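Examination of the molecular architecture
Listed below, chain by chain, are the residues.
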Amino acid sequence: MSVYTSVSNDDMQAWLQRYALGELVELKGIAAGITNTNYFVTTTHGRYVLTLFEVLQLAELPYFLKLKSHLSRHGVACPAPIADHNDQFASLLSGKPACLVSCLHGSDVSAPNAAQCRAVGEMLAQMHLAGATFPLRMDNPRGPAWWAHTASTLYDAMPAADAAMLRDEIAFQASHRFDFLPHGVIHADLFKDNVLMDGDRIAGFIDFYYACNDILLYDIAIAVNDWARLPDGSIDDTLASALLAGYQTVRPLSTSEADAWPVMLRAGALRFWVSRLLDFYQPASGELTFTKDPGVFQQLLAAHRQRNSFWL
Ligand SMILES: Nc1ncnc2c1ncn2[C@@H]1O[C@H](COP(=O)(O)OP(=O)(O)OP(=O)(O)O)[C@@H](O)[C@H]1O
Ligand SMILES: N[C@@H](CCO)C(=O)O
(Lines give C-alpha, C1' and ligand atoms only; values in the text may rest on other atoms or scores of the structure.)
(Ligands and ions follow the chains in the order given, each with its own letter.)
Protein backbone atom coordinates (compact mmCIF):
# COMPACT_ATOMS: atom_id res chain seq x y z
CA MET A 1 0.00 0.00 0.00
CA SER A 2 1.70 3.18 -1.10
CA VAL A 3 0.27 5.55 1.47
CA TYR A 4 3.43 6.79 3.14
CA THR A 5 1.84 9.93 4.57
CA SER A 6 -1.50 9.61 6.33
CA VAL A 7 -4.05 12.39 6.01
CA SER A 8 -6.95 12.50 8.47
CA ASN A 9 -10.47 13.44 7.37
CA ASP A 10 -10.26 16.55 9.57
CA ASP A 11 -6.98 17.70 8.00
CA MET A 12 -8.34 17.04 4.52
CA GLN A 13 -11.58 18.89 5.22
CA ALA A 14 -9.60 21.88 6.55
CA TRP A 15 -7.19 21.88 3.55
CA LEU A 16 -10.13 21.62 1.12
CA GLN A 17 -11.28 25.07 2.28
CA ARG A 18 -8.49 26.44 0.08
CA TYR A 19 -10.50 25.24 -2.93
CA ALA A 20 -13.93 25.80 -4.46
CA LEU A 21 -14.59 22.05 -4.34
CA GLY A 22 -17.28 21.74 -1.66
CA GLU A 23 -17.14 19.53 1.41
CA LEU A 24 -15.30 16.26 1.92
CA VAL A 25 -17.41 13.13 1.41
CA GLU A 26 -14.75 10.40 1.29
CA LEU A 27 -10.97 10.06 1.44
CA LYS A 28 -9.57 6.73 0.22
CA GLY A 29 -5.91 5.72 -0.06
CA ILE A 30 -4.71 4.38 -3.46
CA ALA A 31 -2.69 1.18 -3.23
CA ALA A 32 -0.96 1.50 -6.63
CA GLY A 33 2.03 3.77 -7.13
CA ILE A 34 5.52 3.64 -5.74
CA THR A 35 6.99 7.10 -5.25
CA ASN A 36 4.20 9.25 -3.86
CA THR A 37 1.16 8.98 -1.61
CA ASN A 38 -2.11 9.15 -3.54
CA TYR A 39 -5.73 9.32 -2.38
CA PHE A 40 -9.09 9.43 -4.12
CA VAL A 41 -10.91 12.46 -2.71
CA THR A 42 -14.68 12.65 -3.14
CA THR A 43 -16.29 15.99 -2.35
CA THR A 44 -19.81 17.31 -2.78
CA HIS A 45 -18.60 18.61 -6.19
CA GLY A 46 -16.93 15.52 -7.61
CA ARG A 47 -13.99 13.13 -7.47
CA TYR A 48 -10.32 14.12 -7.50
CA VAL A 49 -6.92 12.58 -6.94
CA LEU A 50 -4.76 13.95 -4.14
CA THR A 51 -0.99 13.47 -4.45
CA LEU A 52 1.38 14.08 -1.55
CA PHE A 53 4.89 14.32 -2.99
CA GLU A 54 7.37 12.24 -1.03
CA VAL A 55 10.50 13.33 -2.90
CA LEU A 56 9.84 16.45 -4.96
CA GLN A 57 9.88 19.76 -3.09
CA LEU A 58 7.16 22.40 -3.32
CA ALA A 59 9.42 24.71 -5.34
CA GLU A 60 10.00 21.97 -7.93
CA LEU A 61 6.33 21.36 -8.67
CA PRO A 62 5.23 24.39 -10.75
CA TYR A 63 6.96 23.18 -13.95
CA PHE A 64 5.19 19.81 -13.85
CA LEU A 65 1.79 21.03 -12.72
CA LYS A 66 1.75 23.95 -15.17
CA LEU A 67 2.71 21.50 -17.92
CA LYS A 68 -0.18 19.17 -17.05
CA SER A 69 -2.50 22.16 -16.95
CA HIS A 70 -1.24 23.37 -20.35
CA LEU A 71 -1.58 19.95 -21.97
CA SER A 72 -5.00 19.30 -20.52
CA ARG A 73 -6.16 22.77 -21.69
CA HIS A 74 -5.01 21.73 -25.18
CA GLY A 75 -7.06 18.55 -25.15
CA VAL A 76 -4.25 16.11 -24.37
CA ALA A 77 -5.62 13.31 -22.18
CA CYS A 78 -4.07 13.90 -18.76
CA PRO A 79 -5.28 14.97 -15.32
CA ALA A 80 -5.98 18.68 -14.95
CA PRO A 81 -4.52 20.20 -11.77
CA ILE A 82 -7.02 22.20 -9.71
CA ALA A 83 -6.01 25.72 -8.64
CA ASP A 84 -6.78 26.94 -5.13
CA HIS A 85 -8.13 30.36 -4.09
CA ASN A 86 -4.56 31.72 -4.26
CA ASP A 87 -4.32 30.44 -7.84
CA GLN A 88 -1.72 27.89 -6.74
CA PHE A 89 -1.70 24.26 -7.86
CA ALA A 90 0.22 23.00 -4.83
CA SER A 91 0.63 23.73 -1.12
CA LEU A 92 1.64 21.82 2.01
CA LEU A 93 -0.65 19.19 3.53
CA SER A 94 0.47 16.98 6.44
CA GLY A 95 3.96 18.44 5.96
CA LYS A 96 4.22 17.37 2.30
CA PRO A 97 3.76 19.31 -0.95
CA ALA A 98 0.31 18.31 -2.19
CA CYS A 99 -1.96 18.90 -5.18
CA LEU A 100 -5.38 17.89 -6.44
CA VAL A 101 -6.01 16.82 -10.03
CA SER A 102 -9.09 15.65 -11.92
CA CYS A 103 -9.87 11.95 -11.55
CA LEU A 104 -9.72 9.92 -14.77
CA HIS A 105 -11.82 6.83 -15.53
CA GLY A 106 -9.40 4.15 -16.59
CA SER A 107 -6.69 1.77 -15.49
CA ASP A 108 -3.27 0.74 -16.68
CA VAL A 109 -2.84 -2.35 -18.87
CA SER A 110 -0.05 -4.89 -18.58
CA ALA A 111 -0.51 -6.63 -21.95
CA PRO A 112 -1.66 -4.00 -24.46
CA ASN A 113 -3.18 -4.78 -27.85
CA ALA A 114 -2.29 -3.09 -31.14
CA ALA A 115 -5.25 -0.68 -30.95
CA GLN A 116 -4.09 0.52 -27.54
CA CYS A 117 -0.51 0.98 -28.79
CA ARG A 118 -1.83 2.92 -31.76
CA ALA A 119 -3.86 5.17 -29.43
CA VAL A 120 -0.79 5.78 -27.24
CA GLY A 121 1.25 6.77 -30.30
CA GLU A 122 -1.45 9.13 -31.51
CA MET A 123 -1.84 10.80 -28.10
CA LEU A 124 1.93 11.08 -27.68
CA ALA A 125 2.14 12.96 -30.98
CA GLN A 126 -0.70 15.24 -29.85
CA MET A 127 1.25 15.87 -26.66
CA HIS A 128 4.37 16.76 -28.64
CA LEU A 129 2.42 19.24 -30.76
CA ALA A 130 0.66 20.80 -27.76
CA GLY A 131 3.98 21.09 -25.92
CA ALA A 132 5.29 23.44 -28.59
CA THR A 133 3.49 26.39 -26.99
CA PHE A 134 4.43 25.58 -23.40
CA PRO A 135 6.62 28.48 -22.29
CA LEU A 136 8.66 26.86 -19.48
CA ARG A 137 11.86 24.86 -20.07
CA MET A 138 13.42 21.94 -18.24
CA ASP A 139 16.68 20.26 -19.23
CA ASN A 140 16.62 16.48 -19.15
CA PRO A 141 18.03 15.52 -15.73
CA ARG A 142 18.68 11.98 -17.03
CA GLY A 143 20.42 12.70 -20.33
CA PRO A 144 23.85 11.61 -21.62
CA ALA A 145 25.84 13.54 -18.97
CA TRP A 146 23.78 11.87 -16.23
CA TRP A 147 24.09 8.34 -17.59
CA ALA A 148 27.83 8.68 -18.22
CA HIS A 149 28.45 10.01 -14.70
CA THR A 150 26.14 7.48 -13.05
CA ALA A 151 27.69 4.57 -14.93
CA SER A 152 31.16 5.65 -13.78
CA THR A 153 29.99 5.10 -10.18
CA LEU A 154 28.65 1.61 -11.01
CA TYR A 155 31.32 -0.11 -13.11
CA ASP A 156 33.33 -1.41 -10.15
CA ALA A 157 30.28 -3.06 -8.61
CA MET A 158 29.13 -4.71 -11.84
CA PRO A 159 30.19 -8.03 -13.39
CA ALA A 160 33.02 -7.25 -15.84
CA ALA A 161 31.12 -8.29 -18.99
CA ASP A 162 28.11 -6.12 -18.08
CA ALA A 163 30.37 -3.17 -17.27
CA ALA A 164 32.11 -3.59 -20.64
CA MET A 165 28.78 -3.54 -22.47
CA LEU A 166 27.69 -0.46 -20.56
CA ARG A 167 30.95 1.38 -21.31
CA ASP A 168 30.68 0.44 -24.97
CA GLU A 169 27.09 1.66 -25.30
CA ILE A 170 27.83 4.96 -23.56
CA ALA A 171 30.75 5.53 -25.94
CA PHE A 172 28.53 4.57 -28.90
CA GLN A 173 25.82 7.02 -27.84
CA ALA A 174 28.41 9.78 -27.30
CA SER A 175 29.52 9.37 -30.91
CA HIS A 176 25.94 9.37 -32.27
CA ARG A 177 24.29 12.60 -31.17
CA PHE A 178 21.16 13.79 -32.93
CA ASP A 179 20.80 17.29 -31.54
CA PHE A 180 19.53 18.52 -34.92
CA LEU A 181 16.35 16.41 -34.68
CA PRO A 182 13.04 18.02 -33.63
CA HIS A 183 13.00 18.87 -29.92
CA GLY A 184 10.16 19.76 -27.58
CA VAL A 185 8.43 18.78 -24.37
CA ILE A 186 8.71 15.04 -23.79
CA HIS A 187 7.10 12.84 -21.15
CA ALA A 188 10.32 10.78 -20.85
CA ASP A 189 8.72 7.93 -18.86
CA LEU A 190 5.68 6.84 -20.89
CA PHE A 191 5.59 3.26 -19.68
CA LYS A 192 2.41 1.18 -19.54
CA ASP A 193 1.91 2.00 -15.85
CA ASN A 194 1.89 5.71 -16.68
CA VAL A 195 -1.10 5.54 -19.02
CA LEU A 196 -4.67 4.96 -17.87
CA MET A 197 -6.72 3.23 -20.58
CA ASP A 198 -10.50 3.09 -20.94
CA GLY A 199 -10.82 0.11 -23.29
CA ASP A 200 -8.84 1.08 -26.40
CA ARG A 201 -9.16 4.79 -25.61
CA ILE A 202 -6.58 6.80 -23.68
CA ALA A 203 -8.11 8.01 -20.42
CA GLY A 204 -4.92 9.88 -19.62
CA PHE A 205 -1.15 10.03 -19.40
CA ILE A 206 -0.01 10.38 -15.78
CA ASP A 207 3.27 10.80 -13.90
CA PHE A 208 4.88 13.70 -15.73
CA TYR A 209 7.68 14.01 -13.19
CA TYR A 210 10.48 13.24 -15.68
CA ALA A 211 9.00 15.55 -18.34
CA CYS A 212 11.58 17.85 -19.88
CA ASN A 213 12.80 19.33 -23.16
CA ASP A 214 14.53 16.78 -25.35
CA ILE A 215 14.41 15.03 -28.72
CA LEU A 216 10.84 14.02 -29.60
CA LEU A 217 11.98 10.77 -31.22
CA TYR A 218 13.62 9.74 -27.94
CA ASP A 219 10.20 9.93 -26.24
CA ILE A 220 8.74 7.58 -28.87
CA ALA A 221 11.63 5.16 -28.36
CA ILE A 222 11.04 5.09 -24.59
CA ALA A 223 7.35 4.35 -25.16
CA VAL A 224 8.00 1.60 -27.76
CA ASN A 225 10.62 0.00 -25.50
CA ASP A 226 7.94 -0.58 -22.87
CA TRP A 227 4.64 -0.83 -24.76
CA ALA A 228 5.96 -3.30 -27.37
CA ARG A 229 8.31 -5.25 -25.08
CA LEU A 230 7.32 -8.87 -24.57
CA PRO A 231 7.91 -10.76 -21.30
CA ASP A 232 11.02 -12.41 -22.83
CA GLY A 233 12.58 -8.97 -23.44
CA SER A 234 12.10 -8.97 -27.21
CA ILE A 235 10.09 -6.39 -29.13
CA ASP A 236 6.74 -7.29 -30.67
CA ASP A 237 6.96 -5.71 -34.13
CA THR A 238 3.18 -5.54 -34.55
CA LEU A 239 2.78 -3.50 -31.36
CA ALA A 240 5.78 -1.29 -32.20
CA SER A 241 4.45 -0.64 -35.70
CA ALA A 242 1.00 0.17 -34.32
CA LEU A 243 2.41 2.77 -31.90
CA LEU A 244 4.52 4.35 -34.65
CA ALA A 245 1.62 4.33 -37.12
CA GLY A 246 -0.64 6.02 -34.56
CA TYR A 247 2.03 8.63 -33.90
CA GLN A 248 2.49 9.35 -37.59
CA THR A 249 -1.21 9.97 -38.19
CA VAL A 250 -0.57 13.20 -36.26
CA ARG A 251 3.15 13.99 -36.74
CA PRO A 252 4.86 12.12 -39.59
CA LEU A 253 8.53 11.45 -38.93
CA SER A 254 11.20 12.92 -41.17
CA THR A 255 13.85 10.92 -43.02
CA SER A 256 16.44 12.12 -40.48
CA GLU A 257 14.26 10.83 -37.64
CA ALA A 258 13.78 7.48 -39.39
CA ASP A 259 17.57 7.21 -39.84
CA ALA A 260 18.13 7.91 -36.12
CA TRP A 261 15.51 5.40 -34.92
CA PRO A 262 17.78 2.38 -34.20
CA VAL A 263 20.18 4.54 -32.15
CA MET A 264 17.30 6.20 -30.30
CA LEU A 265 15.84 2.83 -29.29
CA ARG A 266 19.25 1.98 -27.82
CA ALA A 267 19.39 5.33 -26.00
CA GLY A 268 15.95 4.71 -24.46
CA ALA A 269 17.00 1.25 -23.28
CA LEU A 270 20.32 2.56 -21.93
CA ARG A 271 18.67 5.30 -19.86
CA PHE A 272 16.43 2.84 -17.99
CA TRP A 273 19.15 0.20 -17.68
CA VAL A 274 21.29 2.81 -15.91
CA SER A 275 18.51 4.12 -13.63
CA ARG A 276 17.58 0.58 -12.61
CA LEU A 277 21.26 -0.30 -12.04
CA LEU A 278 21.56 2.77 -9.84
CA ASP A 279 18.53 1.74 -7.76
CA PHE A 280 19.93 -1.80 -7.56
CA TYR A 281 23.53 -1.02 -6.56
CA GLN A 282 22.98 2.24 -4.68
CA PRO A 283 19.46 2.25 -3.19
CA ALA A 284 18.67 5.65 -1.71
CA SER A 285 18.59 5.76 2.07
CA GLY A 286 15.07 5.83 3.49
CA GLU A 287 14.24 3.84 0.34
CA LEU A 288 10.67 4.25 -0.85
CA THR A 289 11.10 2.76 -4.30
CA PHE A 290 11.01 -0.93 -5.10
CA THR A 291 13.91 -2.00 -7.29
CA LYS A 292 12.89 -2.98 -10.80
CA ASP A 293 14.99 -5.54 -12.67
CA PRO A 294 17.85 -3.84 -14.57
CA GLY A 295 18.40 -7.05 -16.57
CA VAL A 296 15.23 -6.43 -18.59
CA PHE A 297 16.75 -3.32 -20.14
CA GLN A 298 20.17 -4.87 -20.58
CA GLN A 299 18.47 -7.69 -22.51
CA LEU A 300 16.48 -5.22 -24.59
CA LEU A 301 19.59 -3.15 -25.32
CA ALA A 302 21.48 -6.29 -26.36
CA ALA A 303 18.63 -7.17 -28.75
CA HIS A 304 18.64 -3.65 -30.25
CA ARG A 305 22.44 -3.78 -30.64
CA GLN A 306 22.20 -7.03 -32.61
CA ARG A 307 19.26 -6.14 -34.77
CA ASN A 308 19.81 -5.07 -38.38
CA SER A 309 16.31 -4.21 -39.54
CA PHE A 310 13.84 -1.95 -37.79
CA TRP A 311 10.26 -0.85 -38.37
CA LEU A 312 11.11 2.54 -39.82
N1 LIG B 1 -5.74 11.45 -12.19
C2 LIG B 1 -5.95 10.18 -11.85
N3 LIG B 1 -7.16 9.62 -12.04
C4 LIG B 1 -7.41 8.35 -11.65
N5 LIG B 1 -6.51 7.55 -11.07
C6 LIG B 1 -5.29 8.05 -10.85
C7 LIG B 1 -4.93 9.38 -11.24
N8 LIG B 1 -3.63 9.58 -10.88
C9 LIG B 1 -3.22 8.44 -10.32
N10 LIG B 1 -4.21 7.52 -10.30
C11 LIG B 1 -4.15 6.16 -9.75
O12 LIG B 1 -3.16 6.13 -8.77
C13 LIG B 1 -2.17 5.15 -9.08
C14 LIG B 1 -0.83 5.63 -8.59
O15 LIG B 1 -0.46 6.80 -9.28
P16 LIG B 1 1.02 7.01 -9.77
O17 LIG B 1 1.45 5.88 -10.66
O18 LIG B 1 1.08 8.40 -10.32
O19 LIG B 1 1.83 6.86 -8.41
P20 LIG B 1 3.15 7.54 -7.96
O21 LIG B 1 3.60 6.86 -6.71
O22 LIG B 1 2.91 9.03 -7.87
O23 LIG B 1 4.15 7.28 -9.16
P24 LIG B 1 5.07 6.01 -9.52
O25 LIG B 1 4.33 4.77 -9.14
O26 LIG B 1 5.26 6.10 -11.02
O27 LIG B 1 6.33 6.20 -8.78
C28 LIG B 1 -2.28 4.97 -10.59
O29 LIG B 1 -1.87 3.70 -11.01
C30 LIG B 1 -3.78 5.12 -10.79
O31 LIG B 1 -4.42 3.93 -10.49
N1 LIG C 1 9.48 3.64 -15.56
C2 LIG C 1 10.69 3.47 -14.78
C3 LIG C 1 10.48 3.81 -13.33
C4 LIG C 1 10.06 5.23 -13.06
O5 LIG C 1 10.91 6.13 -13.66
C6 LIG C 1 11.18 2.03 -14.86
O7 LIG C 1 10.36 1.15 -15.16
O8 LIG C 1 12.35 1.79 -14.61
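An unreviewed UniProt entry annotates the protein as Homoserine kinase of Vogesella aquatica. Regarding the protein, the UniProt comment filed under Catalytic activity (unreviewed entry) reads as follows: "L-homoserine + ATP = O-phospho-L-homoserine + ADP + H(+)". Looking at the protein in UniProt, the text filed under Sequence similarities (unreviewed entry) is "Belongs to the pseudomonas-type ThrB family."

1. Examining the overall build of the protein
The secondary structure content of the protein amounts to 9 helices and 9 strands. Relative to a compact globule of 312 residues, whose C-alpha radius of gyration would be 20 Å, the protein shows 20 Å and is just as compact. Residue pairs in contact within the protein that sit at least 24 positions apart in sequence constitute 72% of those at least 6 positions apart.

2. As for the site of ligand 1
Around ligand 1 lies a shell of 17 residues, among which Ala32, Gly33, Thr35, Asn36 and Pro79 are the nearest. A class-by-class count of the residues in the shell around ligand 1 yields 9 nonpolar, 6 polar and 2 charged.

3. Details of the confidence of the model for the protein
Confidence in the prediction for the protein averages 95 pLDDT; 97% of positions are at 70 or higher. Under the prediction, the complex receives an ipTM of 0.96, its pTM being 0.96.

4. Focus on the packing of helix 4 (residues 144–152) against helix 8 (residues 255–281)
The description of two packed helices rests on the angle between their axes and on the distance between the axes. Two elements in contact, helix 4 and helix 8, have axes whose closest approach is 10 Å; the angle formed by their N-to-C orientations is 40 degrees. One element, helix 4, and the other, helix 8, form an angle in the oblique class. For the crossing formed where helix 4 meets helix 8, the hand is left-handed. Of the residues in helix 8, those in contact with Trp147, Thr150 and Ala151 of helix 4 are Leu270, Arg271, Val274 and Leu278. Residue composition of the contact of helix 4 with helix 8, grouped by class: 5 nonpolar, 1 polar and 1 charged.

5. Brief notes about the sheet that holds strand 5 (residues 96–102)
If you walk across this open sheet you meet the 5 strands as 1-2-3-5-4, and the pairing is antiparallel. Pairing within the sheet leaves two strands with one partner each, and these edge strands are strand 1 (24–29) and strand 4 (90–93). Neighbour-to-neighbour, the strand axes of the sheet open up by a mean angle of 35 degrees, direction not taken into account. The pairing of strand 4 with strand 5 spans 4 bridges and is antiparallel. By the bridge assignment for strand 5, Ala90 is matched with Cys99. Packed on one face of the sheet, helix 1 (residues 9–16) meets strand 1, strand 2 (37–43) and strand 4 and runs near 120 degrees to strand 1.

Parameters and conventions
- Residues numbered from 1 in each chain as written.
- Chains lettered and ligands numbered in written order.
- Predicted model: local features only at pLDDT ≥ 70, side-chain atom pairs only at ≥ 80, totals over all residues.
- UniProt positions renumbered as here; feature names shortened; annotations may be inferred.
- Helix = DSSP H or I, 4+ residues; strand = E, 2+ residues; numbered from the N terminus.
- Rg over C-alpha atoms; globule rule 2.2 N^0.38 Å.
- Contact = placed C-beta atoms within 7 Å.
- Near = placed C-beta within 6 Å.
- Nonpolar A, V, L, I, M, F, W, Y, C, P; charged D, E, K, R; others polar.
- pLDDT = per-residue confidence, 0-100.
- Axes fitted to C-alpha atoms, helices over the stretch in contact; angles between N-to-C directions.
- Parallel < 35°, antiparallel > 145°, perpendicular 65-115°, else oblique.
- Left-handed = near helix turned anticlockwise from the far one by under 90°.
- Pairing = 2+ DSSP bridges.

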